[in-house]
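Observations on chain architecture
These are the residues of each chain, in order.
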Amino acid sequence: MTESISDLKYIVFFATLFIGVPWSYFLCLRYPKLERIIFFLMIFTAKMEDINFVSRETFRLTSKGFEIGMVDMATFVIFLLVMHRKKQYPIKMPPGSYIFFAYFALSALSITNSAVVLFSLFELWKMVRMFLYFFVIYNYIVDFEQLNDFMKGVAAITIYIFIEVMDQKYLQRRFQSPGPFPHQNSLVMYMIIFGSLIFAFLLNKKDISFYKFVFWLVFFGMASVTVISALSRAGLVLFALSVTVILAMSFFAGITQKKTWIAGILIVASLAMLAQAWNSINERFRTAPEESAKTRVDLAVAALKMVKDKPLGIGLNNFGIKINPPWQYSSHIEMRDPDDEDEKNALVETVYLMIAAEAGWHTLALYFTLIFYMYFLNIRNFFRYYGSDFHYYTIGLLGGLLAIYIESGLEWVLKQTNNFYQLMMMFAIITVMYKLERQYTGRKQRLPQNLSKQQKYALQMKHI
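The written sequence of each chain sets the order in which its residues are numbered from 1. Since the coordinates come from a predicted model, pLDDT governs what is reported: local features require at least 70, and pairs of side-chain atoms require 80 or more to be given and counted, while whole-chain, interface and lining totals use all residues. Heavy atoms from the whole structure form the basis of all side-chain values; hydrogens and water molecules are not counted.

**Considerations on the layout of surface pockets**
Computed over the protein atoms alone on a 1 Å grid, cavities are sets of points where a 1.4 Å probe fits but cannot get out and pockets are open sets with protein on both sides within 12 Å along at least five of seven lines; a residue lines them when it has an atom within 4 Å of a point. Grid points are joined across faces, edges and corners, and a volume is the space filled by probe spheres set on the points. Each pocket or cavity is described by its volume, and for the largest pocket that value is around 1,200 Å³. In terms of lining, the largest pocket is formed by 39 residues, of which the most central are P182, H183, S186, W412 and Q416. Listing elements by their share of the lining of the largest pocket, those giving two or more residues are β1 (50-53), α7 (184-204), α9 (233-252), α11 (290-309) and α16 (417-442). Every helix listed is a DSSP run of H or I at least four residues long, and every strand listed is a run of E at least two residues long, numbered separately from the N terminus.

**Concerning the nonpolar core**
As a rule of thumb, nonpolar side chains are buried together in soluble globular proteins. With 124 residues, the main nonpolar core has L147, F150, Y393 and L401 as its most contacted residues. Note on contacts: a residue pair qualifies if any of its non-hydrogen atoms lie within 4.5 Å across the two residues. Contacts of L147, omitting those with residues within four sequence positions, involve I141, F390, Y393, I429, V432, M433 and L436. Listed in part, the 16 residues of the second largest apolar core include L299, A300, Y329 and A357. Within this scheme, the nonpolar core is defined by two criteria: the residues are buried Ala, Val, Leu, Ile, Met, Phe, Trp, Tyr or Cys, and they are joined through side-chain atoms within 4.5 Å. Each residue gets one of three labels from its accessible area relative to the maximum for its type: buried under 20%, exposed over 50%, partly exposed in between, using a 1.4 Å probe on protein chains only.

**Quick look at the packing of α9 against helix α15 (residues 391-407)**
Every axis in this analysis is a line fitted to C-alpha atoms, fitted for helices over the stretch in contact. Angles between the N-to-C directions lie between 0 and 180 degrees. Their axes nearest at 8 Å, the elements α9 and α15 cross at an angle of 155°. It follows from the interaxial angle that α9 and α15 lie roughly antiparallel. The interaxial crossing formed by α9 with α15 has right-handed handedness. In this structure, α9 contributes G235, L238, L241, S242, V245, I246, M249 and S250 to the contact, and α15 contributes I395, G396, L398, G399, G400, L402, A403, I406 and E407. Under the grouping applied here, Gly and all other residues not named as nonpolar or charged are polar, the nonpolar ones being Ala, Val, Leu, Ile, Met, Phe, Trp, Tyr, Cys and Pro and the charged ones Asp, Glu, Lys and Arg. Each residue belonging to the contact of α9 with α15 can be placed in one class, and the counts come to ten nonpolar, six polar and one charged. Roughly parallel here means an angle under 35 degrees, roughly antiparallel means over 145, roughly perpendicular means 65 to 115, and every remaining angle is called oblique. Throughout, a crossing is termed right-handed when the near helix is turned clockwise from the far one, and left-handed when it is turned anticlockwise from it by less than a right angle.

**Focus: the pattern of salt bridges**
The term salt bridge refers to a side-chain nitrogen of Lys or Arg lying within 4 Å of a carboxyl oxygen of Asp or Glu. Counted according to the given criterion, the structure contains twelve salt bridges. Across the salt bridge formed by R129 and E67, the nearest N and O atoms sit 3.2 Å from each other. One end of the pair, R129, is in helix α5 (residues 117-140); the other, E67, is in strand β2 (residues 66-69), with 62 residues separating them in the sequence. Classification of R129 as buried rests on a relative accessible area of 5%. The closest approach of N and O atoms between R129 and D72, which form a salt bridge, is 3.0 Å. Of this pair, R129 sits in helix α5 while D72 sits in helix α3 (residues 70-84), and the two are 57 residues apart along the sequence. Across the pair, D72 and R129 agree in class, each one buried. Salt bridges sharing common partners tie together R36, D149 and K152.

**Structural notes on the side chain of K435**
In this structure, K435 sits in helix α16. Positive charges come from Lys and Arg alone, negative charges from Asp and Glu alone, with His and the N- and C-terminal ends not counted. No salt bridge is formed by the buried K435. Its closest oppositely charged neighbour is D143, at 9.8 Å. Looking at K435, its side chain comes within polar contact range of the main-chain oxygen of Y138, at 2.6 Å. Those residues in contact with K435, other than ones at most four positions away along the chain, are Y138, N139, I141 and V142. The definition of a polar contact used here is a pair of N or O atoms within 3.5 Å, where within protein one atom must be able to donate a hydrogen and the other to accept one, and adjacent residues in sequence count solely through side-chain atom pairs.

**Focus: the environment of L132**
One can find L132 in helix α5. When neighbours within four sequence positions are excluded, L132 is seen to be in contact with T75, F76 and F79.

**Regarding a nonpolar patch on the surface**
Patch membership needs two things, relative accessible area over 30% and no salt bridge, and members are linked within 9 Å if like-charged or within 5 Å if nonpolar (Val, Leu, Ile, Met, Phe, Trp, Tyr). Here, Shrake-Rupley sampling with a 1.4 Å probe gives the accessible areas, and only protein chains in the shown set may cover a residue. Residues F14, F18, I19, W23, L27 and Y31 make up a contiguous nonpolar surface patch of about 660 Å² in total accessible area. The residue Y31 is located in the loop between α1 (2-30) and α2 (32-43) in this model.

**Focus: the packing of aromatic side chains**
Note on ring pairs: Phe, Tyr and Trp rings are taken, using the six-membered ring of Trp, and paired if centres are within 6.5 Å. Classes follow the plane angle, with under 30 degrees stacked, over 60 edge-to-face and the rest tilted. The tally for this structure, following the rule as stated, stands at 36 aromatic pairs. Measuring from ring centre to ring centre gives 5.7 Å for F40 and F44, while their planes differ by 50°; the resulting arrangement is tilted. The rule is short: NZ of Lys or CZ of Arg within 6 Å of the ring centre and within 35 degrees of the ring normal puts a charge over the ring. One cation-aromatic arrangement involves K205 over F390; the distance from NZ or CZ to the ring centre is 4.8 Å. For K435, the ring lying beneath its charged end belongs to Y138, and the centroid distance is 4.6 Å.

**Digging into unusual backbone geometry**
Looking along the chain, the bond that leaves P325 and enters P326 is cis, with omega of 10°. Secondary-structure assignment places P326 in the loop between α12 (319-322) and α13 (351-359). A positive phi is found at R173, a non-glycine position, where the angle reads about 60°. Along the chain, R173 falls in the loop between α6 (144-171) and α7. Residues other than glycine seldom take positive phi values, yet N317 does so here, at roughly 60°. Of the residues examined, N317 reaches a relative accessible area of 1% and is grouped as buried.

Set out below in structure tokens:
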């Protein structure tokens, strides 16, 4: 029975790839609404529907097979649309691409020290998918109205995640809710980004009616409750940091009565939510096992041993193998049951030391170059979009990215498929905004101000 189900999955996959993708492409050419649905499916990275070729699910790895799934299928459809429109909208390489290529190349170089080369190929395949995803979004979004559609997608995904979390918390009675993600830390990091964008939208969006404002306030409440429900200590603190940064940068962009009211509402609502969840939060902080912190330190020491022993790294996606005997990198770690030959050590709980251990300090330096290149490009956008109708994107990403960059010092979540997709999605949005700003200023046009949808559309059709 299990074998039949497995065979059916492959049949569905290949039918989707060779029949579904081409048909979806042709239908999108005829029905623009379907195109918007496909793009939504492309950014719906909260729940992965994947098939793993040559799967290794029992191993502790950051990539456990040659994954490909529904997000990739939607990406292929949008890629075909991008290619179809290349005369009207020439295809370009996104800013930061060559840094990513260098990061990929140095990661691949570490394979010379891999114990299991296949596992390294799993991770390289994931990186290829992520770059294609980044490339397609960058070339697909060609006007500001698509950024409005993107925010509607963010709201819809937030609702879906909130419902899943509430089901787990109140119907399944889980103490920590992971939602549709593999772990609650994955959920928190994902929702910090979307919650930050929604909060910045609330504070800074100019042409928003009272009823829409109320709806978006509810969406932000959903994002906040979701983060609290995960009961991640670092996540709670860093979400608060992101909100604080967004508040500060929003007031820097101009103090208005609306922003003052929202800040007041936020304080009252936050106190109410904290009061409601206080018992669970207090228990989470009070009962957190002391050995958890010790394990983090022990694994970090092991990672440092690895990169010292192998300057090129011990091999991409091989940490989960070499943290165990016969390798001696974990000799300082006490096993719970020394007589249990099947007991395995965990992965180091920081994406930065994992990259260093698996691919060397030079690769980590390139990774830092990539993520901070995008952050500083967003800072540039912040000043360029000052006073415009889309300034909120830059403000939300200032807080959200800062929070997850810090949290990544404690988690390796950004290597998980859901969160890696979201990171590349945000990088694509940053580079799209850079592209659109240059197109407007190159034609000596002001960025969209507080215009109606019809005015914006007319302006885009005329100048882009």
